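# Working through the structure, step by step
Each chain, written out:
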Amino acid sequence: MSPADTVAEAAATPERQQPHAALGLTDAEYASITSQLGRRPTDSELAIYSVMWSEHCSYKSSRKYLRQFAEKAPPSAALLAGIGQNAGVVDVGQGYAVTFKIESHNHPSYVEPFQGAATGVGGIVRDVLAMGARPVAIMDALRFGPADAPDTRRVLPGVVGGISFYGNCLGLPNIGGELAFDPCYAGNPLVNALCLGVMRHADLKLAQASGPGNKVVLFGSPTGPDGIGGASVLASASFDAGGAGGDQAKRPSVQVGDPFMEKLLIECCLELYEAGVVVAIQDLGAAGIACATTELAAAGKVGMTVGLDAVPLRDQGLTPPEILMSESQERMMAITAPEDLDEFLKICARWEVPATVLGEVTDTGRLEVRWRGDVVVDIPPASAAEGPLCERPAQRPPGQDVLNADDPGGLAGAGLGPGHDAPGAGERLLAELLAVLGSSAAADKTWVTEQYDKDVRGNTVLAAPHDAGVLRIDEESGLGVAIATDGNGRYTLLDPYAGTQLALAEAYRNVAATGARPLAVTNCLNFGSPEDPAVMWQFTEAVRGLADGCLALGIPVTGGNVSFYNQTGTEPIQPTPVVGVLGVLGDVRDRLPSGFSASGQQIVLLGTTSAEFGGSLWAQVTRGHLGGVPPSVDLDAEQRLAAVLAAAAAAGLLSAAHDLSEGGLALALAECCLTGGSRSAEPGGGPGLGCVVTMPAEPPGPVAFLFSESAARAVVAVRPSAESEFARLCGSHGVPARALGVTGGDALEVTGLFTAPLAELSEVRQRTLPDLFGG
Amino acid sequence: MTSRIGIVTFPGSLDDVDASRAVTRAGGTPVPLWHGDRDMRGVDAVILPGGFSYGDYLRCGAIARFAPLMAELIPAASAGLPVLGICNGFQILCEAHLLPGALTRNTGLHFVNRDVRITIGTNRTHWTTAYRPGETITVVLKSGVGAYVADQRTLAELSAANSVVARYADGSPNGSAGDIAGIANAAGNVVGLMPHPEHAIDPLTGPGTGGLGFFASALAPEVPAARAAAAAGW
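Bear in mind the structure is a predicted one, so any value in this text is a computation, not a measurement.

## Topic: the sheet that holds strand 6 (residues 190-200) of chain A
Picture the strands of a sheet paired through backbone hydrogen bonds; they go either parallel or antiparallel. Residue and element names in this part refer to chain A. One open sheet accounts for six strands, arranged 1-2-3-6-4-5; its pairing is mixed. Only two strands of the sheet have a single partner each, and these edge strands are strand 1 (79-81) and strand 5 (174-181). Going across the sheet, the axis of each strand differs from the next one's by a mean of 25°, ignoring polarity. With nine bridges joining them, strand 4 (residues 134-144) and strand 6 adopt antiparallel strand pairing.

## Considerations on the confidence of the model for chain A
All names here are of chain A. The pLDDT averaged across chain A works out to 91; a share of 93% of its residues lies at or above 70. With pLDDT under 50 throughout, residues 230-250 is counted as low confidence; its partners more than four residues away or in other chains account for 29 contacts. In this model, residues 412-419 is a region of pLDDT below 50 whose contacts with residues beyond four sequence positions or in other chains number seven contacts.

## Some thoughts on the sheet that holds strand 7 (residues 215-220) of chain A
All names here are of chain A. The strand order across the open sheet built from seven strands is 8-10-7-11-9-12-13, with neighbouring strands paired in mixed fashion. Each having just a single partner strand, strand 8 (280-283) and strand 13 (374-379) make up the two edges of the open sheet. Averaged over all pairs of adjacent strands, the angle between their axes in this sheet comes to 20°, without regard to strand direction. Pairing analysis gives five bridges linking strand 7 to strand 11 (residues 355-362), with the strands arranged antiparallel.

## Quick look at unusual backbone geometry
Here the bond from A464 of chain A into P465 of chain A is cis, since omega is 10°, no more than 30 degrees from zero. Geometrically, the link from P699 of chain A to P700 of chain A is a cis peptide bond, its omega value of 10° lying close to zero. In this structure, D56 of chain B takes a positive phi of about 60° despite not being glycine. Positionally, D56 of chain B belongs in the loop between strand 3 (45-48) and helix 2 (68-78).

## A word on the nonpolar core
Counting residues in each nonpolar core, the largest one holds 260 residues, and the members touching the most others are M52, L645 and L669 of chain A. A total of eleven residues in this core trace back to one element, the largest contributor, which is helix 20 (residues 496-513) of chain A. In this structure, A64, L84, C94 and A181 of chain B belong to the second largest nonpolar core, which totals 68 residues.

## Topic: the environment of L358 of chain A
Residues and elements named next belong to chain A. Residue placement: L358 occurs in strand 11. A residue is classified by how many C-beta atoms lie within 10 Å of it, and L358, with 22 of them, is buried. Expressed as a C-alpha distance, the spacing of L358 and L308, which sit 50 residues apart in the sequence, is 6.9 Å.

## Here we look at the environment of R623 of chain A
In this fold, R623 of chain A is placed in helix 22 (residues 617-623). With 215 residues separating them along the chain, R623 of chain A and P408 of chain A place their C-alpha atoms 8.8 Å apart.

## Overview of the packing of helix 17 (residues 425-438) of chain A against helix 27 (residues 758-773) of chain A
Residue and element names in this part refer to chain A. Their axes nearest at 8 Å, the elements helix 17 and helix 27 cross at an angle of 30°. Between helix 17 and helix 27, the angle is such that the two are roughly parallel. The two elements helix 17 and helix 27 cross, and the hand of that crossing is right-handed. Across from L434, L437 and G438 in helix 17, the residues of helix 27 making contact are L761, V764, R765 and T768. For the contact of helix 17 with helix 27, a count of residues per class yields four nonpolar, two polar and one charged.

## Observations concerning helix 20 of chain A
Taking 1.5 Å per residue as the helical rise, helix 20 of chain A with its 18 residues ought to reach 26 Å, and the 25 Å between its terminal C-alpha atoms agrees with that figure. Positive backbone phi, at 100°, marks G515 of chain A, one or two positions downstream of helix 20 of chain A.

## Comments concerning the pairing of strand 7 of chain A
Residues and elements named next belong to chain A. Burial runs high along strand 7: six of the six residues are buried. Residue alternation in strand 7 divides its side chains into two sets, K215, V217 and F219 and V216, L218 and G220, and both sets are buried. Summarising the sheet, strand 7 and strand 10 (residues 331-336) pair through six bridges and their orientation is antiparallel. When the bridges of strand 10 are listed, L218 appears paired with M333.

What counts, and at which threshold
- Residues numbered from 1 in each chain as written.
- Chains lettered and ligands numbered in written order.
- Predicted model: local features only at pLDDT ≥ 70, side-chain atom pairs only at ≥ 80, totals over all residues.
- Pairing = 2+ DSSP bridges.
- Helix = DSSP H or I, 4+ residues; strand = E, 2+ residues; numbered from the N terminus.
- Axes fitted to C-alpha atoms, helices over the stretch in contact; angles between N-to-C directions.
- pLDDT = per-residue confidence, 0-100.
- Contact = placed C-beta atoms within 7 Å.
- Core = buried A, V, L, I, M, F, W, Y, C linked by C-beta atoms within 7 Å.
- Buried ≥ 20, exposed ≤ 12 C-beta atoms within 10 Å, placed from the backbone.
- Parallel < 35°, antiparallel > 145°, perpendicular 65-115°, else oblique.
- Left-handed = near helix turned anticlockwise from the far one by under 90°.
- Nonpolar A, V, L, I, M, F, W, Y, C, P; charged D, E, K, R; others polar.
- Expected span 1.5 Å × (residues − 1).

Below you can see the structure in the form of structure tokens.
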């Protein structure tokens, strides 16, 4: 074992060459470090700066733009903690607060789908736990290559299996999410995991170390050589020369999860909070101890001294830089007062969670790390925690105009025109409905969702396939929340500004469709390389669209995550901002399921339908077309629609509500028929409840009424005798409402056009995923 | 009158909160029991809840079976204390040899969360007096290692002794032998059930209230005790 590079040695050997470029630092960044320290960094310091100044940790390309979320934030009394904390915290009333956040684990999930996705869940759960909340639910927004591509058969079952394994073992219900397919994700799937936590207001914890003399405790799993700096960099010959024996290049770059330890960590942390022995806490995620120590100290504007010899190791050969950068899972770092230390360690022991005192908070303003008697790190923590800003050129790609000009309106002769009034139009529309319904986008997702425990903890009121997950928070009052995530890469490709607002609007509408009042937003921004000016343009437009949209809707962004470099070679994915919206329900007994549950009820279409096919599922499935512009955004109409749904739900006027999005009214009606009531798929029951509807005999015509994806629309089933009151409610909110027909029967019948037996629709929709991925 | 029902929490227990809620809804008093304490706190019956005790490492239930509390529970159950093991609890009861057979990986190799109908096979156990034999209820299946297996002789004995508590009504979703969803010991005080009745106690959060009978049954032990005595005399 060679001695580690110490601060003293660094001062004595200013000329020593260091592999900063291999660690991803530019010459200018390296020079900046040297100048801030007044000497060259030690190997350990270089490791810290390289990970903390990485795009992943520093948001150096995106930070400048993300400020809009705060600058344009609508006034909201609900926000208790916002951007910058591990996760945003929102007041939902009755003394309760919820915290929620969505995060990507895209690259690890492609390399090793099972563990990549599993540890993605683990990471976001710890983020929420670190806010002082009990994690109570998870969701997953997944995007893969074509469903029938051979590699999707490797990646999808692995990802779903990993989420199932980790989430189920943690005892967190998985209450919804997304599953989408597109060739652009073939070499770069998107695995975005969301976690929701609940706490009392008083329990809010912030990741700010304070109080010199307070102890720094590392607890959870021992530290191993997993996930170190993405492996390649630290395994470079120049960096580990003389380091631990063995072939470090073969060390896994993807971490391995232990959900059992995470479950113990959850219960242990909650007991620590309850006992009042936690001053500050942070989870260890990307950049491990390096990140936790620098961020805790920087946020609290204090110093910290820690000893790496105390870190429990799975591999005794780890060097100080490796210990600092290890991304071993299921670890937390807390600050506790010396007088509380015994109690702290006792609680950890009760949960069989290893805990070690690494050091203490100081008033020096420096982060000092020791190893075997030597000082290997001595830096101002803020210099690492606040990375550099990177000015990236952004340029609207020249092809954008061509793409936008290629409107599927040009396909009118092939399907949008008066041809549908001709004989045979009904059969053609039915064939198109079956094509849409059988596509991977519209397929029944039971093959996936059945692998997740949606029921554990007994508070799940709605889960997939309903529009949003609805979770009860208080058993007495019935207070609860609804959450949905949405994103549509095709829309965002056509217009990143509008596409992002459409993702926001859809998640908002999904939450509203359950009867909940939308309250706050989280986001996971999945994009290609920020070094590509076209991608940077997409990104800046998306962020601007989201910030403007949230301002218009009056709901603040509470936090989020940026994932760049999602591309295969130089080919970026479609820009895919995934937006999560959280809403509150005063009483979850008022919630609206998305499926029809009783016959003889009036079906009403809310909102205005125009012929909008740009980026639509209909254009993709039936015409293989992607071009034009996405549906127009009308956030005022979205707000009015949401207000009607919330009021109608609270007044008990409706038995079902379903938002219209991909696939338009046709797909929405089919889903309403097949989904059933709150508890979908009665065991031993039939395939659902049908309906008879009539398409209006006016523009934009039956194709658009059935398949257009105009926003700000929903379809509802009205309870008997509530029809006129509901109509009045719509009128007073200025929401166009049009009675389409009535529930009942065992077919989806569109008068004069087609009658589709539910058994047939069900068969088409259900077989897609099992046929591809096995029974 | 049975009213205090112990709910055991092992490291990795997950549905302990749900079992407690179900006991409360049925009118009983849930009493938390800690795996590491050799203390049954004088409870009248015990539920081993679902979850992944010890992460399901080694084999589901294999480590939990050796918990200090189990050293108290096993002899008490053998002496007649009513014990209900749900999901992971069923696995623990098999590992502890309080019930015959074993639970193995689902045939589809995937975790399955689905509402399932089960047909109650007997009401002679402490946990099923509230049901009529042949009655069908809907409960929640959520497990990856839920396929019940036993040798032919054991399966025949379970049937002959009227010890099959419930069978899946619409065919086995996981490959269980004889569509078995739950079994009892000969005395009827120890019952193991793979699907979760504690998740079927409220139509708001589950498929109806069909599962409540398991918990209600345990609150009125006089009848089943007589039946168990009769059963033991067979």
